[in-house]
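# Coordinate inspection notes
For reference, the chains in residue letters:
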Amino acid sequence: MSALTRGPYGTAATYLPGGSVPGVCLRDEAVEIHVAVRYGRPIPEIVAGVREVVSPLSGDRRVDVMVEDVTDTEEARKVGRS
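Residues numbered from 1 in each chain as written. Predicted model: local features only at pLDDT ≥ 70, side-chain atom pairs only at ≥ 80, totals over all residues. Heavy atoms only, no water.

### Describing the pairing of strand β3 (residues 19-22)
Pairing of strand β2 (residues 13-16) with β3, which is carried by four bridges, proceeds in the antiparallel orientation. Its bridge partner lying in β3, Thr14 is registered against Val21. Where β2 hands over to β3, the hairpin turn is made up of two residues, of which Gly18 adopts a positive phi near 90 degrees. (Pairing = 2+ DSSP bridges. Helix = DSSP H or I, 4+ residues; strand = E, 2+ residues; numbered from the N terminus.)

See the structure below:
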């Protein structure tokens, strides 16, 4: 994974007192993680790795990983900031 993204229309975020976490949406039944990935590694492998890291923190929620973009390293940094 290269960067968390705000997803389509810039709406993927969790809002907390004092700020937000872009690219992470907490839902009743799922946690959505929106990412931009670097070209070269298989996407299913990246998705499995993200789920492996997030699942212990998600409680009973399903972990949905949305791959929003596939880029080179520099482009992924730009996507993560938008």
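Okay, back to it.
### Here we look at the pattern of salt bridges
Under the definition given, this model contains three salt bridges. Between Glu45 and Arg41 there is a salt bridge whose closest N-O contact spans 2.8 Å. Judged by relative accessible area, Glu45 falls into the partly exposed class, the value being 41%. The shortest N-O distance in the salt bridge between Asp64 and Arg62 comes to 3.0 Å. Residue Asp64 is classed as buried on the basis of its relative accessible area of 18%. (Salt bridge = Lys/Arg side-chain N within 4 Å of Asp/Glu carboxyl O. Buried < 20%, exposed > 50% of the residue type's maximum accessible area, 1.4 Å probe, protein only.)

### As for the nonpolar core
As a rule of thumb, nonpolar side chains are buried together in soluble globular proteins. Counting eleven residues, the largest nonpolar core is built from Val24, Val31, Ile33, Val35, Val37, Ile46, Val47, Val50, Val54, Val63 and Val65. Where this core is concerned, the elements lending two or more residues are β5 (30-38), α1 (43-54) and β6 (62-71). (Core = buried A, V, L, I, M, F, W, Y, C linked by side-chain atoms within 4.5 Å.)

### Comments concerning the side chain of Ser58
With respect to the element layout, Ser58 can be found in the loop between α1 and β6. Other than its neighbours up to four places away in sequence, Ser58 contacts Val31 and Val63. (Contact = heavy atoms within 4.5 Å.)

### So, the confidence of the model for the protein
The predicted model of the protein has a mean per-residue pLDDT of 85, with 87% of residues at 70 or higher. Mean pLDDT across the elements of the protein bottoms out in helix α2 (residues 73-81) (55) and peaks in α1 (94). (pLDDT = per-residue confidence, 0-100.)

### Looking at the environment of Asp72
Inspection of the secondary structure puts Asp72 in the loop between β6 and α2. When its relative accessible area of 47% is taken as the criterion, Asp72 is described as partly exposed. Placed 35 residues apart in sequence, Asp72 and Val37 show a C-alpha to C-alpha distance of 8.0 Å.

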